[in-house]
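The primary structure of each chain is shown beneath.
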Amino acid sequence: MAANISWRLLSLTSTLIILSGAWVADGFTIGSSKQQRRLLLRPSNIPIPHDDRKRRIPISRLHSTLTPETEAITTSFNDNDDIEHDNGKDDGNKDTVNIVLTTGFESFNRDLYQKAGQLLPPQLSSYIHLQVFCDSDIRSSSSEFATAVQNADLFIGSLIFDYDDVMAVSELLPHVKGPRLLFECATELMAFNKVGSFNMEAKQDGSGSSSDGPPPAIKAILNKFSSGKEEDKINGYLKMLKVGPDLLKFIPGEKASDLRCWLEAYRYWNQGGLNNVKAMLQLVVQRYLTEQQQQHQQGGTVDEAKKQSELLESLTLPELEVTPDIGLLHPLLDGYASHPKSYMEWRLSPTAANQAKQQNFKLAPNNSPRIALLLYRKHVITNQRYIQDLIQYFESEGFIPVPVFINGVEAHTIVRDWLTSTHEIEGVSTGTIVRDSTYKSNEATCVDAIVSTIGFPLVGGPAGSMEAGRNVDVAAALLESMDVPYIVASPLLLQSIPMWQSNGVLGLQSVVLYSLPELDGAIDTVVLGGLVGDKIALIPERVRKVCSRLRGWVNLRKTPPADRKISVMLYGFPPNVGAVGTAALLDVPNSLEQLLKRLHEEGYNVGDFATDPDASGQSLVAALATCSENSVIAGGSDKMQSAIEQRMERARNGDETVPETLAKPGGGLAGATVLGKDMNFDELEKMLGKYMAKKVRKSWPEKERGPGMNMKGEMVIGPRGPDQNGAQRVISGCRRCPTPIGGKFRQIQPKNPCRTNVGINMLGI
């Protein structure tokens, strides 16, 4: 339930607009009112200075998100590059329409919204005073945002979720004189939506039920836009937005007319792009001026009413520029592909190869692994540069990207209906897997891995599911059927690159990037970049990292289990005090034993452990604990095996201070022995290379190297040497994040290490 609530908290899609209103259609409710009450994330305990939230950088330095200039961006920022909030000045004319537009955490769209205001028809531009803000402006020590909202005639807000931001905006919104349009915000703010007589504020009548909301006919219409699947209901609301305003033309009444205006405005907003945002501004301004005209007529100001009437009659609202809700794109592709199969037909065709040759664009070979990329549609339609760069980089790394853009809530439908895998195809042919009836065989394509750049749950996207636990079950079924690596890799939209480099991933961003995807079953998460001023920039090293991991996962899938090398890491904190395998309320030794037996059953080489009746997980843990004692470490790796044998002898002599399983034949280790080597940092650098050795030095400075080193001041780690087939293997472990290799590490290697590929390690964090 907690996960379900947190997903609704993070909603970035149109679903929350409908769901959080007071007029949710019958059959689409998402829980009790208590569940919907507190959906705000409390502020982080880590103080974040305002100046560090969105540190400015001259845009001239952003020629490409994949240039060395971007990679080198750390602290060279010009704090004097102030953002201009206005597209014009209020000359004091009482007819001026003051508009405040807040982008929330999408500060990278600030320029687009300002330009949209500047492109309004001349008949309106003289009336408009547009100010554009982002989330950092809300919490600024300056009073500019608060003053603007208090004097606003119109308010448009989107993507406001931070607890402090929501509280601040909530106090200011009652001051807005005219329409308030809030899209994809926290539920507390959604209640402030108001256009004429339509609003989303929940009011109780005498019977205890809500007296606000649409007429029954409108509710009936809303209920027609969902399939029978619960997880598809959210997507149904997106479909409703397409035709809802047109259908509401036929519903009589003032409230239906006002609701239609709100839906029409959101339809422009949801389609996005410069022209649609301009049309939305024109729509709401004309609506506001119409209301003002009516007031002038009632007040007897005939001249002003006539003037505004003539102005409104001379304007024609632009048609909606529609971008597909779902589609595929590529830098070489003209327009969008309608489904993955047609995209792959183009991508593998001579036409694509010729286009690439003409434009000097490197394409991956046609037999390369295929990676499904789930992209955020809003970033596509607002022409965020990183999208094209990411696709190009995947091609250059030897992958064929299958880039599918979605609104955010349709990710599970893409995986279910448009993607398949070798595993799924084989399962269907043998009858062990039954595809969903929605699968589109004439539109789908086979992929080797899935990468989501959305950063939200697979089912329901940022809005989650309307039924607790449902999204997790559906995601598990989808990923189990596909059986391909599923990775979440996205740029940080709530933090600047320097802030991330100095503080890591913080607050709400960590929930979005780490916590929610993990519940789905994502096997990895990678930060691809972040904000540089108000622009999204990729960091080349991070893109290389995700490509490297994908290559490893894809190659691993093609490697027989018997040839795969597995490292099992056991918890051991605090290190070197006998705390190995002491996870609270968990039976680590038995779990380890069962894991090794399961690996054996699935074809992995675990030596004799799975077949030896005397093998014991308790003995393995005890052996690791012995190797992690400071007195044993001080003697170096050569003394560790003898230290374990001494404990085995003590167990056979009835010493109750050592585990009794060590008294079994072979100590219950099934022939496992210590594999280790004493190594100084110079030798470590030769083994790992300068880059990784530098990370080890940074994470494990000399002043912290007391316990855990031998008497010569050397680390005791797993060596690098040739295995049975002559291939190089590294047997090592982590000391603490983010260093992948460190010193407080020991390993027990099963019998015949040259042919056995499973090592049991202690991780001291």
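Above this text sits the structure in question.
Cut-offs applied
- Residues numbered from 1 in each chain as written.
- Predicted model: local features only at pLDDT ≥ 70, side-chain atom pairs only at ≥ 80, totals over all residues.
- Heavy atoms only, no water.
- Salt bridge = Lys/Arg side-chain N within 4 Å of Asp/Glu carboxyl O.
- Helix = DSSP H or I, 4+ residues; strand = E, 2+ residues; numbered from the N terminus.
- Buried < 20%, exposed > 50% of the residue type's maximum accessible area, 1.4 Å probe, protein only.
- Contact = heavy atoms within 4.5 Å.
- Polar contact = N/O pair within 3.5 Å; in protein donor to acceptor, adjacent residues only side chain to side chain.
- Expected span 1.5 Å × (residues − 1).

To continue, consider the pattern of salt bridges. With the rule as written, the count across this model stands at 23 salt bridges. Among the ionic pairs, Glu106 bridges to Lys378, the shortest N-O distance being 3.2 Å. Taken as a pair, Glu106 in the loop between β1 (97-102) and α6 (110-118) and Lys378 in helix α19 (residues 377-381) lie far apart in primary sequence, 272 residues in all. Since its relative accessible area comes to 1%, Glu106 is described here as buried. Note that Arg139 and Asp165 form a salt bridge whose closest N and O atoms lie 2.4 Å from each other. On the criterion of sequence distance, the pair formed by Arg139 in the loop between α8 (135-138) and α9 (144-150) and Asp165 in helix α10 (residues 163-172) is long-range, its members being 26 residues apart. Salt bridges sharing partners connect three or more residues here, namely Glu106, Glu184 and Lys378.

Here Arg557 lies in helix α26 (residues 540-557). Among the residues examined, Arg557 registers a relative accessible area of 36% and is labelled partly exposed. Along the backbone, Arg557 and Pro485 are 72 residues apart, and their C-alpha atoms lie at a distance of 9.1 Å. When near neighbours in sequence (up to four residues on either side) are disregarded, Arg557 contacts Asp483, Val484, Pro485 and Arg564.

A few words on the side chain of Asp534. Considering the arrangement of structural elements, one finds Asp534 in the loop between β14 (524-532) and β15 (535-538). Exposure remark for Asp534: the relative accessible area of 7% places this residue in the buried category. Within the local environment of Asp534, its side chain forms a polar contact with the side chain of Arg110, the two groups lying 3.1 Å apart.

This next bit is on the side chain of Ser628. Tracing the backbone through its elements, the reader meets Ser628 in the loop between α28 (617-627) and α29 (630-634). Assessed through its relative accessible area of 0%, Ser628 is described here as buried.

Another point: helix α20 (residues 385-396). With 12 residues, α20 should reach 16 Å at 1.5 Å per residue; the first-to-last C-alpha distance of 17 Å fits that figure. Among the residues of α20, Tyr386, Ile387, Asp389, Leu390, Ile391, Tyr393, Phe394 and Glu395 are the ones counted as buried. In the stretch just after α20, Gly398 is the one whose phi turns positive, near 90 degrees.

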